Amino acid sequence: MSMDDRTCVITGSAKGIGRGIAEYLGEEGANVVINYRSSEGAAHEAVEAIESSGGSAVAARADVADRAEVEHMREVCHEAFGSCDVLVNNAGITADKQFTEMSREEWDRVMDVNLGGMFNCTQLFYDDIWNADEGRLINISSVVGKQGNFGQANYATAKSGMFGFTRTIALELAKGGSTANCVAPGFTATDMLASVPEEVLDRIIAGIPLERLAEVEDIAAVVRFLASKDSSYVTGEVIDVNGGMDL
Ligand code: NAP
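Keep in mind it's a predicted model, so treat the numbers as computed, not measured.

### Observations concerning helix α3 (residues 67-81)
An ideal rise of 1.5 Å per residue puts 21 Å on 15 residues; α3 measures up with 21 Å between its terminal C-alpha atoms. Burial in α3 covers these residues: Val-70, Met-73, Val-76 and Cys-77. Buried positions in α3, seen along its axis, are confined to an arc of 110° and lie on one side of it. Seen from the open side of α3, the exposed residues pointing more than 90 degrees away from its buried face are Ala-68 and Glu-79. In the core, the buried residues of α3 are packed alongside β1 (7-10), β2 (31-36), β3 (56-61) and α4 (104-131). Taking the backbone nitrogen of Ala-68 as reference, a side-chain oxygen 3.0 Å away marks Asp-66 as the first, capping residue of α3. Gly-82 occupies a position one or two residues after α3 and carries a positive phi of about 85°.

Written as structure tokens, this is what we have:
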């Protein structure tokens, strides 16, 4: 599944799932753009980790919800490596609240980052992906987009919105030979779960047939396949990586 000379932009890749994806693609020989918003130190560590495994990487600060900042990230990518072959829309946030207590601001913030960020990045890198030799768009959704989750009306709406977006872009990209797919992780051991109380995590794990949370490597391995040319005939799909949660 060599990624030699393929340039990959991964949003929110200084830590968590994005970092795992970046390191896997870097190990395969990809040129990696590490995007961050606030985790500057971790972004530079990620660049060093990829370089020390023999890959090439550059850090680019951009709030994905801000189109001008995404334009800047595209310039950083083009200057460092040229055109982007693979875009992974991974940056995401939660702002949990039972629906009746949820403010419009909490709703909008989750939409702006999870969906607005995907819109900005996909539109600004669209020509690159279209013109690539088998370009790839990979959107990181969530099991919550399929199943819903108490206290996450905003997040579940954003994550299920990614499914319709991905299927549509898959149709629009297909004539050019590029693909678009979604990965829907289950509950994954990252900072995003840090505020979830232990007894709630225990209940979640009890409901997972494989009886554990996902590690970032579980998600990154599937993204690595989708990013490679081994996935040429897979498009418009949602790949669940959730330990069997919906069995
Ligand atoms: P995480 O550790 O909290 O990381 C989130 C990443 O998103 C950070 O790198 C953060 O960058 C970045 N980010 C947030 N807002 C951003 C913005 N406006 N612009 C640019 N980057 C931004 O979470 P994670 O678990 O790795 O989540 C990664 C993706 O997987 C998200 O889309 C999440 O919804 C999805 N997911 C996670 C789980 C889970 O259980 N963990 C399950 C299913 C799906 P900075 O730190 O630089 O601000």
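### Here we look at the pairing of strand β4 (residues 86-89)
Burial of the side chains of β4 extends over both faces: Val-86 and Val-88 are buried on one face and Leu-87 and Asn-89 on the other. Bridging between β1 and β4 involves 3 bridges; their strand directions are parallel. Note that in β4 the partner of Ile-10 across the bridge is Val-88. Inspection of the sheet shows β4 paired to strand β5 (residues 136-140) by 4 bridges, in the parallel sense. Residue Val-88 lies in a different strand from β5, and its bridge partner there is Ile-138. With α4 bridging β4 and its parallel neighbour β5, the resulting β-α-β unit is right-handed.

### Some points on the site of the ligand
Taken together, 30 residues surround the ligand, and among them Ser-38, Ser-39, Asn-90, Tyr-155 and Thr-190 come closest. Val-64 is positioned such that a nitrogen or oxygen atom in its backbone is 3.0 Å from a nitrogen atom of the ligand. Between Thr-188 and the ligand, the recorded distance is 2.8 Å, taken from a backbone N or O atom to an oxygen atom. For the ligand, the protein covers 96% of the area, taking 890 Å² as the surface of the free molecule. Of all elements in the fold, only α1 (16-27), β2 and α6 (153-174) reach the threshold of two or more residues within the shell around the ligand. Residue composition of the shell around the ligand, grouped by class: 13 nonpolar, 12 polar and 5 charged.

What counts, and at which threshold
Residues numbered from 1 in each chain as written. Predicted model: local features only at pLDDT ≥ 70, side-chain atom pairs only at ≥ 80, totals over all residues. Heavy atoms only, no water. Helix = DSSP H or I, 4+ residues; strand = E, 2+ residues; numbered from the N terminus. Expected span 1.5 Å × (residues − 1). Buried < 20%, exposed > 50% of the residue type's maximum accessible area, 1.4 Å probe, protein only. Arc of directions from axis to C-beta. Contact = heavy atoms within 4.5 Å. Polar contact = N/O pair within 3.5 Å; in protein donor to acceptor, adjacent residues only side chain to side chain. Pairing = 2+ DSSP bridges. Right-handed = clockwise from strand over helix to strand, strands pointing away. Near = heavy atom within 4 Å. Areas by Shrake-Rupley, 256 points an atom, 1.4 Å probe, with all protein chains shown as cover. Nonpolar A, V, L, I, M, F, W, Y, C, P; charged D, E, K, R; others polar.

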